[in-house]
Amino acid sequence: MPTGLLISMSTIPPNQSIATKTLNEALERSEKALHELKIQKLALDHHAIVSMTDPQGRITYANERFCAITKYSQRELIGKDHCIINSGHHSKEFFLDLWRTITSGKVWQGEICNRTKDGKQYWVQSTIVPLPELDGKLQGYISIRTDITKRKLLEEQNLFAMKELECSNRELDAFAYIASHDLKEPLRGIHNYSQFLLEDYSALLDDEGCDKLETLKRLAQRMDDLIGTLLRFSRVGRTKLDLSPVNIGDLARETCNALQAAIDEAGAQVEVAADLPDVVCDPVLAGQIFQNLIANAIKYRGRDSGQVEVGWDGDPWRPVFHVRDDGIGIREKDFKSIFRIFKRLHGQDKYGGGLGAGLTFARKIVEHHGGRIWVESQSSEGSIFYFTLS
Ligand code: ADP
């Protein structure tokens, strides 16, 4: 404490000594408060970009960080208003709203894009506080900001990438739809003409010729199935979700009922947990996820297996569902590829055939809901398919 400020007791008459003591104490307190304020200002200057203005918005103070980010010197800034760093990014209404707020004595908070002396844009998270005098009149404003340029850049990049992805997904879906539609007609012609040939000319062909025509018909049918799958696949991404609260236990049990014949034929058993929670989803599409996962769990069972379990864990607000089987399992190197369209790990003659699209459908439906699907498995050790719907 600077003792020079204190009034010496020996120089004052005794009747004034009490008042003097009180005055000294008050002085001491204000010195202490001033010291604390200086420390707080130091800390603030280390952390934030700070400036102060008069009631008209003319800069009266700018700290070092302000000068560093704007590339203006204090001399260039003092007396100017914040137009000097206006980037032109925001509308007139934006600044009108800001002024309306602070001139009515309220604090304004928001993100502002500014411009440096050499024309570069930067973003700050800003808090502007009106500073009232002791008599209540406005003394000016203090602005405290933090640099959020990196975060904004990342946000912009993410948004751009998301938009590009959405756009290319839409284009791909539209392409798959149009191409499949156009391919269906000539394909049906090939199928029908092989049938006509078989019906009208089989007497002129030997057995090998007839077999070849049968193969042609079968291949045309398979291609028709694949194209139909592509069409349905592109439709999933293009249609809006019909959302409602759904009890996932009921949905899984309904799916089991629909698959009962296949379950019985395989001698399999599917157990659905009693406490599966409700989620908001498209019930028809979500049902197809269970349909594909449970059908696969039965289809890819081993010789002595066939136990399937549908359950969940995690947070009730964001449950992770699973379909677990004790079947043939999947090697880790195939975890990604099995979700690709028409990818199969086995030939048509094994495990009852298939188009290799069930998991791709499940993935597309899950992603359409904003969720994720993945698998954990080991060869011969069974598999667990996990998914979320948000
Ligand atoms: P599909 O069953 O018609 O072949 P899917 O897209 O449903 O098509 O599955 C892709 C591949 O992933 C299957 O061919 C199979 O090799 C493997 N697969 C899927 N589910 C399982 C499972 N539960 N256990 C073992 N392998 C599986």
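Residues numbered from 1 in each chain as written. Predicted model: local features only at pLDDT ≥ 70, side-chain atom pairs only at ≥ 80, totals over all residues. Heavy atoms only, no water.

Q: Whenever I open this one, the domain arrangement of the chain confuses me. Can you help?
A: In many analyses, interface size is given as the accessible surface area lost on bringing the parts together. Partitioning the chain into domains gives domain 1 (1–47), domain 2 (50–147), domain 3 (153–235) and domain 4 (244–387). Between domain 2 and domain 3, the C-alpha centre-to-centre distance is 62 Å. (Domains from an automatic or database assignment.)

Q: What is the right way to look at the site of the ligand in this model?
A: Close to the ligand lie 20 residues; N296, Y300, D325, R344 and L359 are nearest. Between an oxygen atom of the ligand and a side-chain N or O atom of K299, the distance comes to 3.0 Å. Here L359 contributes a backbone N or O atom positioned 2.8 Å from an oxygen atom of the ligand. Summarising the interface, the protein chains cover 98% of the accessible area of the ligand, which totals 530 Å² for the free molecule. Only helix 9 (283–299), helix 10 (358–368) and strand 12 (383–387) provide two or more residues apiece to the shell around the ligand. In terms of residue class, the shell around the ligand is built from 9 nonpolar, 7 polar and 4 charged. (Near = heavy atom within 4 Å. Polar contact = N/O pair within 3.5 Å; in protein donor to acceptor, adjacent residues only side chain to side chain. Areas by Shrake-Rupley, 256 points an atom, 1.4 Å probe, with all protein chains shown as cover. Helix = DSSP H or I, 4+ residues; strand = E, 2+ residues; numbered from the N terminus. Nonpolar A, V, L, I, M, F, W, Y, C, P; charged D, E, K, R; others polar.)

Q: What exactly am I supposed to notice about helix 9 here?
A: Counted at 1.5 Å a residue, the expected span for helix 9 with its 17 residues is 24 Å, and the 24 Å between its end C-alpha atoms agrees. Those residues of helix 9 not exposed but buried are L285, A286, G287, I289, F290, N292, L293, I294, N296, A297 and I298. (Expected span 1.5 Å × (residues − 1). Buried < 20%, exposed > 50% of the residue type's maximum accessible area, 1.4 Å probe, protein only.)

Q: It is not clear to me how the sheet that holds strand 5 (residues 138–147) should be interpreted in this structure. Could you clarify?
A: One open sheet holds the 5 strands; their spatial order is 2-1-5-4-3, and the pairing between them is antiparallel. Lying at the two open borders of the sheet, with one neighbouring strand each, are strand 2 (59–62) and strand 3 (108–115). Strand-to-strand, the axes of this sheet are offset by a mean angle of 30 degrees, without reference to chain direction. Summarising the sheet, strand 4 (residues 121–132) and strand 5 pair through 9 bridges and their orientation is antiparallel. From the neighbouring strand, L131 faces strand 5, where its bridge partner is G140. (Pairing = 2+ DSSP bridges. Axes fitted to C-alpha atoms, helices over the stretch in contact; angles between N-to-C directions.)

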